[in-house]
Each structure stands twice: as C-alpha cells, then as structure tokens.
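Descriptive analysis of the structure
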Amino acid sequence: MEGLDFSNKYVFPVHIGGEEFYITQSIISTWIVMAALIIFALVVRFSISRFKQVPKGFQNVVEIIGEVVNTFTISTMGERNKRFAAFYGSVFLFLLFSNLWGLLGMRPPTSDLATTFGLALMTFVMVQYYGIKTGGIKNYIKGFFEPLPFLLPLNVIGELATPVSLSFRLFGNIVAGVIIMGLIYAALPGLTKIGVPAVLHVYFDVFSGALQAFIFVMLSMIFVSNAIQE
Amino acid sequence: MEGIDGRALILACSAIGAGLALIAGIGPGIGQGYAAGKATEAVARQPEAQNEIIRTLLLGDAVAETTGIYGLFIAIILVFANPLINKYLSLLGQ
C-alpha cells in the first residue's frame, strides 16, 4: 500500500504561543505560488516605466492579461462594477497557478479545503456586504422572508450553501485529479511512468484546472453582481 | 459475526459506503450530457453565438456538477479520513 496515501502530509511543526501548528505540503505550495506571483507583480511594477506605446515581448503578455481580465469582468458584472477586475483577476491568476502546480508533481494548494473555503468565504462576505449596502439593512432582512415568511430556514440554508458549494466544487475536482493521478502512477510499471501519464496530466491539471479556476471566478462574480443589483 | 474485529467491519462498510456515495455521479453525468446535447443543437442553429453558448454551458455544467462533487467528497472522507473509526474507538473507551 506504499505510495497510496493521498493525505496532506505534515512537513514541520511551528510553535506559536504554546500551541503546535503543522505546516503541510499545500501550505508550502501556496507560499511558492504566492512568491512567484509577487515576483511577477514586482517585475511588472518596475518595468512599467519602460513600457512603450507599441508593445512587444513581455509588455504584450502583461497587456493581454490585463485586457482579458478587464473585458471579462465588464461582460460578466457590467460596466459599473469594473473595479472588481483587480480583485478577481488576482484570484483567477492565483487559482490558475495553483491548479497548474500539479504539473510539477507537487501538491496543488487548491487540494486543501482551507484554501478554497477561504477564497469562497471572501465572496460570501462580499455578497452579504453589498446586499446590505445597496438595499439597506431592512430590505436585506426582508429578503429572507420572501416569498413566504415560513421559508426563512430554507433561505438561510440556501445563503450558507453558496460558499460551501463554491469551495467543494473546486476542491473536489482538484483532489479527484490528484487521487486519480496518484493511482495511475502507482499502477503503471517501471519506465511507462515516463510519458504515458502526460496525456492525463493535460486533462486533469491543464484542462480541468483552468476550467475550474475560470468557473470559480465566474460564479463568484455572478453572486457579487447579483447582490449589487438587488 | 464471531471473530470479526469491529474496526475491520467499519473499514469494510466504509468502503462499500464510499462506493455507494459515488452513485451520485449518475445524476450530473446525465444532466451534463443533456446540457451538452442542447448546446450542440444551439450552436448548429446559431453558429455565430458559439462563444456565448459555450460560456453558458460551462456555467450550467459547473452548477449541475455540485451534487456529484458532494458524493465524491463523502467518498473521499470515508476512505481517507474515516471519522467512524475514531467514534468506535471512543465508544470502546467508555
């Protein structure tokens, strides 16, 4: 059964205020992805003064990313909510890099429920905040008693189910990919481990990973823009 | 049932339960196939709206997939992080 353990392994413990916390594989992956994105952002920041009117090379890549994120935010949330492009663009880049992390044989940060649930909670808090801000606290509470007062429990459960389904969808897809790839690596004999799983990596890591990152960001945008319109 | 360790019985039943939980995969499979068929029809009728149709299809698929993911989640918990064993051991401890 060796090699068939898919748990998120502990790497080393840290002691904070007498409590013992364990740093897991996915936390270290998260740090590396964060470091890569921060370095990318710093490189863009320091080279922005040398950007020219006619883009080429590195500037082209940066402009494409910015343009795609902006047009997508406008088409999903409307022209008024253009300011969300910065936040959801960062979330999308983080999720994309996290999901592609499995290609390097490391554990993707999104295969830890804490990562995905944290991101989904941000959307949840934003939905509640904008629901109260645009409609007022009175309309916000009234919304829970519609269409009929006795549906209050259902409405509350439906509201709480949003972050749960949002995070479980991403987590479930990525973890399923990790487990299936692990099983295949364990089942393939000898030298067939080189090359053969590449086809499945294209599906589980590249296709599924990019699609799930896209869907997570798109659903979050729709939830938040619905809360703003109400 | 003589001679069977309680923990072994719990592990065996959890494995069966994990398999049963994945029956939840049937629903999203049928639903997504149906949605993909409808999307194909829509693209055949209006090829110029293909991008919009594919985006709507992916969004609908993601929502339809939720119940299947819940089933998968239960199966993963039962196989890799079984809470029933600990419950059994704590019952024995009393």
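To keep things clear, this report deals only with the structure shown in the data block. Sequence order as written defines the numbering, with residues in each chain counted from 1. Starting at A for chains and at 1 for ligands, labels are handed out in the order in which the entities are written. Local features in this predicted model are restricted to residues whose pLDDT is 70 or higher, and side-chain atom pairs enter the listing and the counts only when it is 80 or higher, whereas totals over whole chains, interfaces and linings include all residues. Excluded from the side-chain calculations are hydrogens and water; all other atoms, namely the structure's heavy atoms, are used.

Regarding the overall build of chain A
Note the threshold: Under the DSSP-based scheme used, a helix requires at least four consecutive residues in state H or I and a strand at least two consecutive residues in state E, with every element numbered from the N terminus. Between buried and exposed lies partly exposed: a residue is buried under 20% and exposed over 50% of the maximum accessible area for its type, with that area taken using a 1.4 Å probe on protein chains only. What makes two residues a contact is simply this: any of their non-hydrogen atoms within 4.5 Å. Values of accessible area rely on a 1.4 Å probe in the Shrake-Rupley scheme; residue burial ignores everything except the protein chains shown. The convention is simple: Lys and Arg are positive, Asp and Glu are negative, and His and the chain ends are not counted. Think of each charge as sitting on NZ of Lys, CZ of Arg, CG of Asp or CD of Glu.
Assigned secondary structure in chain A consists of six helices and two strands. Counting from the amino terminus, helix and strand elements in chain A follow one another as β-β-α-α-α-α-α-α. By its C-alpha atoms, chain A is 65 × 55 × 45 Å across when sized along the principal axes. Burial status across chain A gives 38% buried among its 230 residues. A sequence separation of at least 24 residues applies to 66% of the contacts in chain A between residues at least 6 apart. By element, 71% of the accessible surface of chain A is carried by carbon and sulfur atoms, the whole surface being about 13300 Å². Across chain A, the 14 positively charged side chains and the 12 negatively charged ones have centroids separated by 11 Å.

Points about the environment of Thr40(B)
Along the polypeptide, Thr40(B) turns up in helix H2 (residues 26-45). Spatially, the C-alpha atoms of Thr40(B) and Ala21(B) are 31 Å apart, while their sequence positions differ by 19 residues.

Some remarks on the pattern of salt bridges
Residue and element names in this part refer to chain B. Using the following cut-off: By convention in these notes, a salt bridge is any Lys or Arg side-chain nitrogen within 4 Å of a carboxyl oxygen on Asp or Glu.
Considering all chains together, one arrives at one salt bridge over all chains under this definition. For Arg7, the salt bridge goes to Asp5, with nearest N and O atoms at 3.4 Å. Overall, the relative accessible area of 41% leaves Arg7 in the partly exposed class. For Asp5, a relative accessible area of 38% corresponds to the partly exposed category.

Here we look at the nonpolar core
Which entries qualify depends on this criterion: The definition of a nonpolar core used throughout is a set of buried Ala, Val, Leu, Ile, Met, Phe, Trp, Tyr and Cys residues joined through side-chain atoms within 4.5 Å.
Ranked by internal contacts, the top residues of the largest apolar core, which has 32 residues, are Phe84(A), Tyr88(A), Val91(A), Leu95(A), Tyr130(A), Phe216(A) and Val224(A). Elements that contribute at least two residues to this core include exactly helix H1 (25-47), helix H2 (58-77), helix H3 (84-100), helix H4 (113-144), helix H5 (152-187) and helix H6 (196-229) of chain A together with helix H3 (50-64) of chain B. With 11 residues, H6(A) is the largest single contributor of residues to this core. In contact with Leu95(A), not counting residues within four places along its chain, are Thr110(A), Leu119(A), Leu170(A), Ala213(A), Phe216(A) and Val217(A). Counting 10 residues, the second largest nonpolar core, distinct from the first, contains Phe6(A), Ala176(A), Ile179(A) and Ile69(B).

Thoughts on the pairing of strand E1 (residues 10-16) of chain A
Residue and element names in this part refer to chain A. Inclusion rule: Strand pairing is assigned whenever DSSP detects at least two bridges linking the two strands.
As paired elements, E1 and strand E2 (residues 19-24) share six bridges and run antiparallel to each other. By the bridge assignment, His15 is partnered in E2 with Glu20. Between the end of E1 and the start of E2, which pair antiparallel, lie two residues, with Gly17 showing a positive phi angle near 60 degrees.

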